[in-house]
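Secondary and tertiary structure notes
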Amino acid sequence: MSALRRGSGAKVTVECFAADPTTFTPIAPEQNITNKHKYRLNMSVPLTFDGRVVLVTGAGGGLGREYALAFGQRGAAVIVNDLGGDIKGGGRSSAAADKVVEEIRAKGGKAVANYDSVEDGEKLIQTALDAFGRIDIVVNNAGILRDRSFARTSDMDWDLIHRVHLRGSFLVTRAAWNHMKNQKFGRIIMTASAAGIYGNFGQANYSAAKLGLLGLANTLAIEGQKYNIHCNTVAPTAGSRLTETVMPPDLVASLKAEYVAPLVLWLCHEECVENGGLFEVGAGWIGKLRWERSMGRTVRQKNKSMTPEAVRDAWNEICDFTDATKPASIQESVQTLVEVLSKVETGRGIGANRTGATATNPAAAVGQRLPETSFSYTHMSCILYALGVGVSSRDANHLRFLYEGHPEFCCLPSFSVIAAQSAITGLSGVPGLDIDFTRLLHGEQYLELFKPLPTSGTLTSRATVADVLDKGSGMVVLLDVHTYSGGELVCYNQFSLFIMGAGGFGGKRTSQKAVVTVDPPDRPADAVIVEQTSRDQAALYRLSGDWNPLHIDPSFAALGGFESPILHGLCSFGFAARHVLQRFAGNDASRFKAIKVRFVKPVYPGQSLQTEMWQEGSRIHIRCKVKETGAVVLSGAYVDLCEDTALSTGTPQTDGLQSDLVFAEIGRRVKGQGQELVQKVNAVLAWVIMKDGRHARDWTLDLKTGRGVLTRGADDRADVTFTLSDQDFMDVVSGKLNPQKAFFSGKLKVKGNIMLSQKLEAILKDYAKL
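Residues numbered from 1 in each chain as written. Predicted model: local features only at pLDDT ≥ 70, side-chain atom pairs only at ≥ 80, totals over all residues. Heavy atoms only, no water.

1. Things to note about the overall build of the chain
The test is simple: Here a helix means four or more residues in a row that DSSP labels H or I, a strand means two or more in a row labelled E, and each is numbered from the N terminus. Under the scheme applied here, a residue whose accessible area is under 20% of the maximum for its type counts as buried, over 50% as exposed, and between as partly exposed, the area being computed with a 1.4 Å probe on protein chains only. Here, residues are in contact when the closest pair of their heavy atoms is within 4.5 Å. Per-residue accessibility takes into account occlusion by the displayed protein chains alone, with areas from the Shrake-Rupley method and a 1.4 Å probe.
Each helix and strand counted, the chain has 24 helices and 29 strands in total. The 770 residues of the chain split such that 51% are buried. In the chain, of all internal contacts separated by at least 6 residues, the share reaching a separation of at least 24 is 70%. Summed over its atoms, the accessible surface of the chain is roughly 34,700 Å², and 52% of this surface lies on carbon and sulfur atoms.

2. Considerations on the sheet that holds strand β22 (residues 608-616)
Heads up, the condition is: Each pair of strands is called paired provided DSSP finds at least two bridges between the two strands. To obtain an axis, a line is fitted to C-alpha atoms, over the contacting stretch when the element is a helix, and the angle between two such axes runs from 0 to 180 degrees between their N-to-C directions.
In space, the 10 strands of this open sheet follow the order β15-β17-β18-β19-β16-β21-β24-β23-β22-β20, with antiparallel pairing throughout. With one partner strand each, in any of the chains shown, β15 (373-377) and β20 (527-532) form the two edges of the open sheet. Each adjacent strand pair in this sheet contributes to an overall mean axis angle of 20°, direction not counted. Two strands pair when backbone bridges link them, and strand β18 (residues 474-485) and strand β19 (residues 488-500) are joined in this way by 12 bridges, in the antiparallel orientation. The partner of His-482 across the bridge, within β19, is Tyr-492. Packed on one face of the sheet, helix α18 (residues 569-584) meets β16 (440-449), β20, β21 (592-599), β22, β23 (619-626) and β24 (632-641) and runs near 50° to β22.

3. With respect to the packing of aromatic side chains
This is how it is decided: We call Phe, Tyr and Trp rings a pair once their centres come within 6.5 Å, taking the six-membered ring for Trp, and we label the pair stacked below 30 degrees between planes, edge-to-face above 60, and tilted otherwise. The rule is short: NZ of Lys or CZ of Arg within 6 Å of the ring centre and within 35 degrees of the ring normal puts a charge over the ring.
Applying the stated criterion across every chain, the model contains 12 aromatic pairs. Seen in terms of ring centroids, Phe-663 and Trp-687 are 5.3 Å apart; in terms of plane orientation they differ by 65°. Their pairing is edge-to-face. Placement of Phe-663 in helix α20 (residues 659-671) and of Trp-687 in strand β25 (residues 683-691) is noted, with a sequence separation of 24 residues between them. Note on accessibility: Phe-663 and Trp-687 belong to one class, buried. Taken together, a centroid distance of 5.9 Å and an interplanar angle of 35° make the contact between Trp-687 and Phe-722 tilted. With Trp-687 in strand β25 and Phe-722 in strand β28 (residues 720-725), this pair connects stretches of sequence that are 35 residues apart. As far as burial versus exposure is concerned, Trp-687 and Phe-722 are alike and both buried. The ring of Phe-185 carries Arg-52 above its face, with NZ or CZ at 3.7 Å from the centroid. Lying across the ring of Phe-584, Arg-583 places its NZ or CZ 5.4 Å from the centre.

4. Considering unusual backbone geometry
Peptide bonds are trans in most cases, and residues, glycine excluded, mostly fall at negative phi. Within the chain, Asn-228 stands out as a residue other than glycine whose phi angle is a positive 60°. Relative to the helices and strands, Asn-228 resides in the loop between α6 (204-224) and β10 (229-236). Given the relative accessible area of 30%, Asn-228 is considered partly exposed. In the Ramachandran plot, Asp-692 falls in the positive-phi region, its phi being about 55° despite a non-glycine side chain. Tracing the backbone shows Asp-692 in the loop between β25 and β26 (694-703).

5. Remarks on the nonpolar core
Note that soluble globular proteins tend to have their nonpolar side chains buried in a common cluster. We apply this condition: Here the nonpolar core consists of buried residues drawn from Ala, Val, Leu, Ile, Met, Phe, Trp, Tyr and Cys, with membership extended through side-chain atoms lying within 4.5 Å.
Grouped together as the largest cluster of nonpolar side chains are 57 residues, with contacts concentrated most on Leu-412, Phe-415, Phe-573, Ile-595, Met-613 and Ile-622. In terms of residue count, the dominant contributor to this core is α18 (nine residues). With near-sequence residues (within four places) excluded, Phe-573 lies in contact with Ser-414, Val-417, Gln-445, Leu-447, Ile-595, Val-597, Phe-599 and Leu-634. Ranked by size, the runner-up nonpolar core spans 36 residues in total, among them Ala-68, Phe-71, Ala-257 and Leu-265.

6. Here's the deal with the confidence of the model for the chain
Rule in force here: Each residue gets a pLDDT score, which is the predictor's confidence in that residue and runs from 0 to 100.
Per-residue pLDDT for the chain averages 83, and the proportion of residues at 70 or more is 81%. The low-confidence segment residues 1-44 (pLDDT under 50) makes 108 contacts with residues lying over four places distant or belonging to another chain.

7. A short note on the sheet that holds strand β29 (residues 749-752)
One open sheet accounts for five strands, arranged β27-β26-β25-β28-β29; its pairing is mixed. Taken across any chain shown, the strands that pair with only one partner, and hence form the sheet edges, are β27 (709-712) and β29. Along the sheet, successive strands turn relative to each other by an average axial angle of 20°, direction set aside. Where β26 lies against β27, four bridges are found, and the strand directions are antiparallel. From the neighbouring strand, Asp-702 faces β27, where its bridge partner is Val-709.

8. Topic: the packing of helix α4 (residues 155-183) against α6
Definition in use: Roughly parallel means an angle under 35 degrees; roughly antiparallel, over 145; roughly perpendicular, 65 to 115; everything else is oblique. Rotating anticlockwise by less than a right angle from the far helix to the near helix defines a left-handed crossing, while the corresponding clockwise rotation defines a right-handed one. Nonpolar residues are Ala, Val, Leu, Ile, Met, Phe, Trp, Tyr, Cys and Pro. Charged residues are Asp, Glu, Lys and Arg, and all others, Gly as well, are polar.
Put simply, α4 and α6 touch, their axes get as near as 8 Å, and they point 15° apart. Relative to α6, the element α4 is oriented roughly parallel. Seen from above, α4 lies across α6 with right-handed handedness. In this structure, α4 contributes Asp-157, Trp-158, Ile-161, His-162, His-165, Leu-166, Ser-169, Phe-170, Thr-173 and Trp-177 to the contact, and α6 contributes Ala-204, Asn-205, Tyr-206, Ala-208, Ala-209, Lys-210, Gly-212, Leu-213, Leu-216, Leu-220, Glu-223 and Gly-224. Tallied by class, residues from the contact of α4 with α6 come to 12 nonpolar, seven polar and three charged.

9. Notes on helix α1 (residues 62-73)
What counts is decided by this rule: Between the first and last residue of a helix there are one fewer steps than residues, each counted as 1.5 Å, and that sum is the expected span.
Between the first and last C-alpha of α1 there are 17 Å, a value that for 12 residues agrees with the 16 Å anticipated at 1.5 Å per step. Buried within α1 are the following residues: Leu-63, Gly-64, Tyr-67, Ala-68, Leu-69, Ala-70, Phe-71 and Gly-72. Buried residues in α1 make contact with β5 (53-56), β6 (77-81), α2 (95-106), β8 (137-140), β10 and α8 (261-267). Positive backbone phi, approximately 100°, marks Gly-75, located one or two places after α1.

10. Comments concerning the pattern of salt bridges
What counts here: The working definition used for a salt bridge is a side-chain nitrogen of Lys or Arg within 4 Å of a carboxyl oxygen of Asp or Glu.
Tallied over the entire structure, the rule returns 24 salt bridges. Residue Lys-508 pairs with Asp-467 through a salt bridge whose shortest N-O separation is 2.8 Å. Note that Lys-508 is positioned in the loop between β19 and β20 and Asp-467 in strand β17 (residues 457-470), a separation of 41 residues in sequence. The exposure class assigned to Lys-508 is partly exposed, which follows from its relative accessible area of 44%. Under the relative-accessibility criterion, Asp-467 is labelled buried at 3%.

11. A few points about the packing of helix α3 (residues 121-132) against α4
Running from N to C, α3 and α4 point in directions that differ by 45°, and their axes come no closer than 7 Å. When the axis of α3 is compared with that of α4, the two are oblique. The element α3 and its partner α4 pack so that their crossing is right-handed. Listed contacts from α4 to Gly-121, Glu-122, Leu-124, Ile-125 and Leu-129 of α3 are Leu-171, Val-172, Ala-175, Ala-176 and His-179. Looking at the contact of α3 with α4, its residues break down into seven nonpolar, two polar and one charged.

12. Focus: helix α13 (residues 379-388)
Those residues of α13 lying buried are Cys-382, Ile-383, Tyr-385, Ala-386 and Gly-388. On its buried face, α13 is in contact with β15, α14 (399-402), α15 (416-421), α16 (537-541) and α18. Of the residues trailing α13, Gly-390 is marked for its positive phi of about 95°.

13. Description of the side chain of Asn-114
By secondary structure assignment, the location of Asn-114 is in strand β7 (residues 110-114). Asn-114 sits in the buried class, given a relative accessible area of 3%. Setting aside anything within four residues of it in sequence, one finds Asn-114 in contact with Ile-79, Val-80, Asn-81, Asp-82, Ala-97, Lys-123, Leu-124 and Thr-127.

Put into C-alpha cells, the structure is as follows:
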C-alpha cells in the first residue's frame, strides 16, 4: 500500500501513499519511528465532516470547486469564496461561486457564497460566522498568474502575485486563527506549487510566493500544535485555468482535480494527526517531501582564520549526501552548529562532522573491558531516587520507599541503573573508538535484577563493550554492565548508546547480543496509570547523579533544540517501572525481575506520563506516552516479574494468611473468564485483610479494563474496598458468616460503592466456584 521512493540526485526524500487517503486511519506513532504518520487501510469507516464549517478560497472552478463539492458531499457546511476574476486577477463576477453553491445545495448540502477578495480576510471569515456560527477549516486555494521572465517582471507583476497568494492566505488565516484557538480545533491548508519547490522558468514571482506559503505553514504548524490546529501544505498538479497555460492540453485533461481533493479532505479531518507536512499530489499519486542535508564538514580551527581555500578543499565532502541527515525542525538544524562550536573549542580541528565517533577499528572495541567503577550510597540515596521518579508520601503504600523506619523499607528496583551509569564515561578510552559525547543519545536500556539491592553499601560495576553496530547515520555501542555487592552479582544493565553521525564504517547492523524490544499485544491495555510529573521533576532527579545541564539550564536546553529543559529518559523509565510494580506486584520490589525500554521522545517536566500495560503471564508489556500530546516516550517495552508464590502455587506467604490460598484460586479461575466478568461487573474491587488487629495484606481485582486482573496490593482506583480479618474472610467465603450480619456487626467494613457488594456472590461462587 505504501512504499519509499528516493530520487537520485534530489535534495528531498519522497514518501508515497495510496491514492485515496479518505479511507485511511492512523497507526500508532511508535509502530514506525522514522515516519510517525503512516496510515492503515480501513474501508469500513468513511470520513465525514458533519458539524464542521469549511472555507475554500478560489472555489469557483478547478481545484477549489472540487474541494468545495467534496466537503459538501461529506456533511460540511461550505463557504464558497471566489472573486470571479480571470487568471491574471482582472475583473470580478458572482456567477462562479453561485454555481458551486447551487451544486452543493442540489445534492442536499449546505453552502453559502462569498465574493470578496482574499485580501479582505476578515469578511470571508465573517461570512462563515454569520451563516454557520463557527469556522473549522480553511483551504487557501485562491491564486492568479502573471508569468514573465525575471528580467521582464514588473513591480505590479511581483506585488499582485504576492498579495493574492501569500498576503491573502495570511489575512484569511489570521482572521480564523483566534476562533480556532478558542474552540481547540482547526485545520489549515496552504497551496504551494512545484514551481516554488523546484523553480520554473518565467515564474519567479509565483515561485517565491508559493515557497513563502510553505514557510508560513511550517510556523503555523508549530504555533498551533497545542491548540489542536494543524497546518499542512499541498503542491497539487491538476488541470485548471492556471495549469492550462503551462501544460499540453492532453496532460491537463488527464490531471483531474478530483485526484487531489481526497488528500486535502484527509488532512483536514479530525482523525488526521499530520502537521507541518508538505505533499506533492496529482494523477492519483501522493508523495510527502522532507528536507535532506549532507553531513557536511567543519572547515575552521580554533584561533585560526577560516579561508575560502579551506572551503574549496572540503567541497566534495560538503556536498556529499552519502550519509545525509533529515533535520525536521530549526532546533535540529541549530544543534549541528552547537556541536561544531563544541568541537572547535576543544581543538578537534578541521574534520567531517560525521566523526561524532570514529570507529577506526570496531573489531578492536568489541570485548574491551572498561575500568571498574564503584558506587557508594546510603538509605538517603534510595529515598532521593524514589522522590526523583515520582514516589509520594500521599500514598501510604509508598512509604516503604521513602521511610527508612518502615518495616519493609527497600530500594526501588530501577535504582539499579544509577550504580551502573557511571561506567559509560569509560568508553572514552576504548581502543578503536573516539566518541564525541555531545553526539551521544541513549537509545535503549535493559535492566535485570538477581536479588534486591541493599538499601546502603558499596556496589562495584564491571563494563564490557558487547558489540558495535553500524546504523548508517550513526553507530550503536552495546555496553554490558554487571554490578556486584560484596562479590555477589546483584544486577545486569545493557546500555544501547547511539552516536549520531558515526556510522558508515562498514560494520554489521544487528547483534545477537542485544536484548530486543517487544511490541505489546494488539488489544486494549489491561491497565493504564496516568501521573503528572512535577515542574521540578528533572531538578530533583538529577540529584541522583545525572548532572547534564540539558535537564536544568534553559539556555543550554535551547542550544540543544528544546523549548525548555527536558526530563531525563531514565526518569521516565523509573516512572514506568514503578507503575508496573504498583499495578501488578503490589509494590513488592522482590517480584521485580527485569525491564527493557526504547527511548523515543523527550518529556517536559510538568507533563503527565501515561503508562499503558498489558499482562501476558509474568511479562507486563508497557508503552508510555505524554498524555497531553499523545507522543510516545517509551516503546517496545516490558517488565518481567517473578511469580508471586500465593498466585502461582496457592502456598500462603510466611505470615500464614489463610486468605492467600483463596485469592490464589480466585486469580486462577477468574483469569480464564475475565472478559465475561468485565462486561458483567465493570468495577475495580479491593480487599484489605487484617490479622491480629493489624493490616496484613491488600488485594485488587480489576474487572473494568482488559480481561480482568487480580493483583496483590492496593489500588487507588478501587470502586469499593472491603476490610475484614483473615478469619472472617474465610468464614464469609465458606458460608459460615453471612456478609450482611458481618457488616452490621462491624466485622466487615465497606468503603466506596456499597451496591457493588451484591456482585461478590457472582465472583466468588459462580466464577471462582469457592
